[in-house]
Amino acid sequence: MEFYHEMSMRFKDLPRSYKLKKFKKNINVPDITKTPGTFDGAQFSFKDILETMAKKEIEENKNYYNDNIIMVKVSGDGAKYSRTSSFCLLSFTFIRDGSNLSVLDVHSIAAIKAHESYEAFRDGFADVFASINQLIASPQITVDGKNYRVKIVFCADYKFLLLMMGMKAANSKHSCIWCTISESNRHDMSKTAEKRTLQSIKTSATNGELGCKNAPLLNLEPDDIICDELHLLLRVMDILIQALINTAKAYDANEAHRLGQRSIKATEGPLIQSLVKTISECGVHFYVWEDKKEDELQWPSIMGPAKKKLLKYLPPEMDKCQPSGMVTDIKTLWNDFSTIYSNISSRTPSYTSDQLQGQGIKWIESFTDFSKNHPSSDGYDPEKVSPYMHLMVKHVPTMMGIYGNIKQFSCQAVEKKNDDAKKTFFHGSNKWDPATDMLKRGFQKNSLRHCERRKRPFEKQDDLWWYKGGIQESRRKIPRISRQ
Ligand SMILES: [Zn+2]
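Note that the structure is predicted; figures quoted are calculated from it, not measured.

1. Observations regarding the overall build of the protein
Consideration 1: Across its full length, the protein carries 19 helices and 10 strands.
Consideration 2: For a compact globule of 484 residues, the expected C-alpha radius of gyration is about 23 Å, and the protein comes in at 25 Å, within 12% of that figure.
Consideration 3: Principal axes of the C-alpha set define a box for the protein whose edges measure 80 × 65 × 45 Å.
Consideration 4: Residues classed as buried in the protein amount to 34% of the 484 residues present.
Consideration 5: Pairs at least 24 residues apart make up 64% of the contacts formed inside the protein by residues separated by at least 6 positions.

2. Comments concerning the domain arrangement of the protein
Consideration 1: The domains assigned to the protein are domain 1 (33-167 + 197-225 + 416-449) and domain 2 (229-407).
Consideration 2: Inter-centroid distance (C-alpha atoms) of domain 1 to domain 2 is 33 Å.
Consideration 3: Residue-level contacts link five residues of domain 1 with six residues of domain 2.
Consideration 4: For the side of domain 1 that touches domain 2, a count of residues per class yields one nonpolar, one polar and three charged.

3. Things to note about the packing of helix α16 (residues 412-427) against helix α17 (residues 434-447)
Consideration 1: At a closest axis distance of 9 Å, the pairing of α16 and α17 adopts a crossing angle of 125 degrees. If you check the angle between α16 and α17, you find them oblique. Of the two elements, α16 crosses α17, and the hand of that crossing is right-handed. Here Lys-417, Asp-420, Ala-421, Thr-424 and Phe-425 of α16 come into contact with α17, specifically with Pro-434, Asp-437, Met-438, Arg-441 and Gly-442.
Consideration 2: Here the contact of α16 with α17 is composed, by residue class, of four nonpolar, two polar and four charged.

4. Things to note about the nonpolar core
Consideration 1: Core analysis: the biggest nonpolar cluster contains 108 residues, and Ala-110, Ala-111, Ile-112, Leu-161 and Val-236 have the highest contact counts within it.
Consideration 2: Counting residues per element, this core draws most heavily on helix α8 (residues 229-258), which supplies 10 residues.
Consideration 3: For this core, the two domains that each supply at least three residues are domain 1 (33-167 + 197-225 + 416-449) and domain 2 (229-407).
Consideration 4: Those residues within four positions of Ile-112 in sequence are excluded, and the remaining contacts are Thr-35, Phe-39, Asp-40, Gly-41, Phe-87, Cys-88, Ala-120, Gly-124 and Ala-435.

5. Concerning unusual backbone geometry
Consideration 1: Positioned with a positive phi, Asn-68 is a non-glycine residue whose angle comes to about 60 degrees.
Consideration 2: In this structure, Asn-68 sits in the loop between α3 (46-60) and β3 (69-80).
Consideration 3: For Leu-210, which is not glycine, the phi dihedral falls at a positive 50 degrees.
Consideration 4: As for its position among the elements, Leu-210 is in the loop between α7 (198-207) and β8 (225-227).

6. Some remarks on the pairing of strand β6 (residues 140-143)
Consideration 1: Taken together, the four bridges between β6 and strand β7 (residues 146-156) define a ladder with antiparallel strand orientation. Each bridged residue has a counterpart across the sheet, and for Ile-141 the counterpart in β7 is Tyr-148.

7. Observations concerning helix α15 (residues 396-403)
Consideration 1: All of the buried residues in α15 are Val-396, Pro-397, Met-399 and Met-400. Buried residues of α15 fall within an arc of 160 degrees about the axis and therefore sit on the same side.
Consideration 2: On the buried face of α15, the contacting elements are β8, α12 (327-344), α13 (353-373) and α14 (387-394).
Consideration 3: Note on α15: the residue one or two positions beyond its end, Gly-404, has a positive phi of about 90 degrees.

8. Notes on helix α5 (residues 126-137)
Consideration 1: Between its first and last C-alpha, α5 extends 16 Å over 12 residues, near the 16 Å set by a 1.5 Å rise per residue.
Consideration 2: Lining the buried residues of α5 we find β2 (41-43), α3, β3, β4 (86-94), β5 (106-113) and β7.

The rules we used
- Residues numbered from 1 in each chain as written.
- Predicted model: local features only at pLDDT ≥ 70, side-chain atom pairs only at ≥ 80, totals over all residues.
- Helix = DSSP H or I, 4+ residues; strand = E, 2+ residues; numbered from the N terminus.
- Rg over C-alpha atoms; globule rule 2.2 N^0.38 Å.
- Buried ≥ 20, exposed ≤ 12 C-beta atoms within 10 Å, placed from the backbone.
- Contact = placed C-beta atoms within 7 Å.
- Domains from an automatic or database assignment.
- Nonpolar A, V, L, I, M, F, W, Y, C, P; charged D, E, K, R; others polar.
- Axes fitted to C-alpha atoms, helices over the stretch in contact; angles between N-to-C directions.
- Parallel < 35°, antiparallel > 145°, perpendicular 65-115°, else oblique.
- Left-handed = near helix turned anticlockwise from the far one by under 90°.
- Core = buried A, V, L, I, M, F, W, Y, C linked by C-beta atoms within 7 Å.
- Pairing = 2+ DSSP bridges.
- Arc of directions from axis to C-beta.
- Expected span 1.5 Å × (residues − 1).

Written out as structure tokens, the structure reads:
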């Protein structure tokens, strides 16, 4: 705004900045009320905001809604904003398959100042959840005199989903939302478990069994609960990267022992060092340090785009940084995961859901066989098969069978929305009433979406420059004054 003000002082034919401020202030924001319960929080009426936004959505995309069905994805997320404050946010998006969702398509519903917990969701989101449940029970809204059938799906990361369904944490014995598989059978692809339904979750919660302890907050069938594909990538990659590090560390220790060297620091092992170098050469900021308490090597968290980079560029370089006897199998494991993930994250998957499941099962089997075939490896044991891996193999193919693809439900735009809310908290709010400011700002921004400049599509084409160290190389040439 300040920049605009300066510009408008210089160029007199631009509209005056105070007029713009006034215009923004005059945007009609629907009523915001306090969320129920003891937590600070603000909310729109879900029914009202859904109807308001549906009207706009249908006006803008008339042809898409000819069959009078509206699909609404509700998302939730919790994030720590500062040492003392965390916020949980709920938002919704209209799902139009085939179109890329931007942050302006995500509409906030409510924000509460609380850590993620069942009690916070139950109390703070009570009104919103009640009206979503009402909509699930009678799935219809009227827009401009016309009736539309509403289909609600819910998408969030695993932790949020478990809390919302009243279930125990992801490391509990029965932590799958979609079936009752136990932790000990998760790696065994020949074992099947009973599929959960909303009714069975409710019954288990009453009996306090099978990982359920509280009544689910939304009356959604597990088929309508969808996992976010990006979180799936992140968590599976964590396990694969951990295995690379552990295996290199074990190899270094064995080699030192074999050569009769006195033990060296784990971070200084030759294979660990080449692993760090190889990963850095893929253009990912990476180093390791020793955690004395856990006796494990730690590494900085790697974000989604960097993990995608590794999945693409690390496998061909594996022979530089893993024990030679295992390289072929590790490469296969990474490449096969890459193929499976590219199908999961595609709008037009090339595998059918059965093929995808077949590939997934084969992948888990080669993962669990790895430790048998390579006893000196570390990190590929059957216990490492995580809830996300199980989900990827056993339930994602079913979701894709029902909805065609799960990319359309991706939470990337929602995460951007949450970043915006965070920005509002730090820079756009005087902290007197931050939750309300977040909802207000978000709504104003979405209302002005038609004014937004359409960005020129840009694709990074020069692989050598963007991903193979070109950009890092050129940055290194700039003299660093503060550290000579
Ligand atoms: Zn399951």
